[in-house]
Amino acid sequence: MKVIIIGAVAGGASCAARLRRLDEKAEIIMVERGPYVSYANCGLPYHIGGVIEKESSLLVATVQLFKDQFNVDARVNCEAIAISPENKTVNFRNTVTGELTTETYDKLVLSPGAVSVRPPLPGIDLPGIFHLRTVPDAHAINEWLEKGSHFLTGMHKYSGFQTVRPKVHAVVIGGGFIGLEMVENLVHRGFEVTLVEMIDQVLPPIDKEHADVVAGWLRSHGVKLALADGVAGFKQGANGSIDVETKSGKIFPANVVILALGVRPDTTLAKLAGLEIGQRGGIRVNDQMITSNPDILAVGDAVEVKDYVTGEWSLVALAGPANRQGRIAADVISGRNSRFRGTQGTSVIGLFGATAAWTGVSEKALIRQGITDYEKIYLYPNSHAGYYPGARPIAMKVIFKKSDGKLLGAQALGLDLVEKRIDVMAAMLQMGGTIFDLEEAELCYAPPYGSAKDPVNFAGMVAADILRNDMPLSHWREAKTEFLLDVREPFELAVENIEGALHIPIGQLRARLGELPKDKEINVICRSGQRAYIATRMLVQNGFNAKTVSGGMLSFAHNYLFGEND
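Residues numbered from 1 in each chain as written. Predicted model: local features only at pLDDT ≥ 70, side-chain atom pairs only at ≥ 80, totals over all residues. Heavy atoms only, no water.

Caption draft 1: Quick peek at the pattern of salt bridges. Counted by the stated rule, this structure contains 28 salt bridges. A salt bridge links Arg 75 to Asp 73, with the shortest nitrogen-to-oxygen separation between them at 2.9 Å. Arg 75 gets classed as partly exposed once you look at its relative accessible area, which sits at 21%. Exposure remark for Asp 73: the relative accessible area of 31% places this residue in the partly exposed category. Close ionic contact of Glu 192 with Lys 167 constitutes a salt bridge, the shortest N to O distance being 3.7 Å. Separated by 25 residues along the polypeptide, Glu 192 in strand E11 (residues 191-197) and Lys 167 in the loop between helix H5 (150-153) and strand E10 (168-173) bring together distant segments of the chain. What makes Glu 192 partly exposed here is its relative accessible area of 30%. Three or more residues are tied together by salt bridges with common partners; here these are Asp 207, Glu 209, Glu 363, Lys 376 and Lys 397. (Salt bridge = Lys/Arg side-chain N within 4 Å of Asp/Glu carboxyl O. Buried < 20%, exposed > 50% of the residue type's maximum accessible area, 1.4 Å probe, protein only. Helix = DSSP H or I, 4+ residues; strand = E, 2+ residues; numbered from the N terminus.)

Encoded structure:
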């Protein structure tokens, strides 16, 4: 059997290695249009920032390694230019010499990845404007940062002891993964950075109230944000700089511009081969990664996959799913009955020492799809035992079905052990778990690592209390217009308070029940929700119509202080 794999990064390289382990006799040809195979493109921003010092560290495997260990004919600078499904042939062009060749195949795997979005804006081809997708892209950016203009070339004279250092400016366009990682790493390199984003939040996959906290964190580290303001074009500025013009008419001067406007599936070959393209613009495959042609499979960023939670077709440009898809394609070619479960978009990003992580579906995605059978909770547990030094709160949002408690999604922000909790929830979600499973999960505990009631358990307990009707719940959108009871201590009100709320400290509540109305819904608040829950239980059992406002004043800050969400 002869297998040709087009694309040799995450999905393609994983497919080649797995296929060899399953079939020693197969002839495997893997081609890559660029100069490298199996490189870590997720590490590119950190190479530019100097965290990963050597470019060679990004190269996970080499052509020689694939030859020696896997007997794979790996070819770089080799671009597939045409596919003939009828003849089962692929035409190739050597990007260095221009030589044309043709190979036959029994099975073909497409792993072309995605291409960076580069809209036809005025001035977009000016020197100093880059996108970041490959190792050569990173190399070009690093060269420009060192000596791309007369001004930047002279910056080496300002090393060592200086009383004044000229300012250098960068503009990053796009607030997704690559954009934010480039923001951080350019700050580390001494640039004053402005982030321009067309929509009104950073990190589009998560809900706005959490994205606004991330935006506040970026601002606290000196990053300027221009949200809800897309780029309109570029003009040449003084001393080799670039003027970035936005649709609102603002101008941001920059010594370097990074385009991080997202990616689109590379479907050029698939279209030439007559393969089915889905509504989202990716190659349509089934759960065995087989395209509309039974002898052609496709994996990675170029394919459409099913969202594990909603069942909708989606595009997910993540290395983890691409690697799993590559393995599944190899299994299927070898006759195994492997299937891709779908994706839930589990992701994490680190920014200036903080972490944002999420899995599953967001609330805004549920609203967009017209799904109403869900509830959400906000909670702020410590990252580990509060009595052990260094505990930091984790801001969590957990979304689940009201009808049966099935976990739908979770988002978390914090400075310590954030991704650990999302990883647990991601595993639970993939197995069809519920908030009752979170409640009962047996997780590691020692004071430096967690609590006897881990944040994951705590989330499950809070959600389970809601479904058992032990904790009637409300959210700020409704609660702020109703009767509010604040059960915090007086000194806390000096820091923040809600005008018009009745204040009764929780320790006095039983003695002052007569001050509360029995003909109104009472929305109970505290700092994070825990004392409000205790007060709600007290009130409900005394005949009052009481609800706990989820997340208390901390969720109020998320929803209304960082960004109004009315």
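There's more to say after this.
Caption draft 2: Summary view of unusual backbone geometry. Although it is not a glycine, Asn 71 adopts a positive phi angle of roughly 50°. Its location among the elements puts Asn 71 in the loop between helix H3 (63-70) and strand E3 (73-75). Residue classification places Asn 71 among the partly exposed residues on the basis of a relative accessible area of 40%. Notably, Asn 469 is not glycine yet its phi reads approximately 65°, a positive angle. Along the chain, the position of Asn 469 falls in the loop between helix H13 (455-467) and strand E27 (473-474). Given the relative accessible area of 55%, Asn 469 is considered exposed.

Caption draft 3: Spotlight on the sheet that holds strand E29 (residues 502-503). Read across the sheet, five strands follow the order E27-E31-E30-E28-E29 without closing on themselves; strand pairing throughout is parallel. Pairing within the sheet leaves two strands with one partner each, and these edge strands are E27 and E29. Relative to strand E31 (residues 545-549), E27 runs parallel, the two sharing two bridges. Opposite Ser 474, over in E31, you have Val 549 as the bridge partner. Sheet contacts for helix H16 (residues 530-540): strand E28 (483-486), strand E30 (521-525) and E31; angle to E31, the most-contacted strand, approximately 170°. (Pairing = 2+ DSSP bridges. Contact = heavy atoms within 4.5 Å. Axes fitted to C-alpha atoms, helices over the stretch in contact; angles between N-to-C directions.)

Caption draft 4: Looking closely at the packing of aromatic side chains. The final tally for this structure, using the stated rule, is four aromatic pairs. Judged by centre distance (5.7 Å) and plane angle (40°), the ring pair of Phe 66 and Phe 70 falls under tilted. With Phe 66 and Phe 70 both in helix H3, this residue pair falls four residues apart, about one helical turn. In this pair, the class of Phe 66 matches that of Phe 70, namely buried. (Phe/Tyr/Trp six-rings, centres within 6.5 Å; stacked < 30°, edge-to-face > 60°.)

Caption draft 5: The nonpolar core, seen in detail. Grouped together as the largest cluster of nonpolar side chains are 53 residues, with contacts concentrated most on Ile 6, Met 30, Phe 66, Ile 83, Val 90, Leu 108 and Leu 110. If near-sequence neighbours (up to four positions away) are discounted, Leu 110 is found in contact with Ile 6, Ile 83, Ala 270, Leu 275, Ile 283, Ile 296, Leu 297, Ala 298 and Val 299. (Core = buried A, V, L, I, M, F, W, Y, C linked by side-chain atoms within 4.5 Å.)

Caption draft 6: Structural view of the sheet that holds strand E25 (residues 394-400). The five strands lie next to each other as E22-E23-E26-E25-E24, forming an open sheet whose pairing is antiparallel. Edge positions in the sheet fall to strand E22 (347-351) and strand E24 (375-379), since each of these pairs with one other strand and no more. Going from strand to strand, the sheet's axes swing by 10° on average, the running direction of each strand aside. Those strands touched by helix H6 (residues 177-188) are E22 and strand E23 (354-360), and its axis lies near 20° from that of E22. Those strands touched by helix H7 (residues 208-220) are E22, E23, E24, E25 and strand E26 (407-414), and its axis lies near 20° from that of E26.

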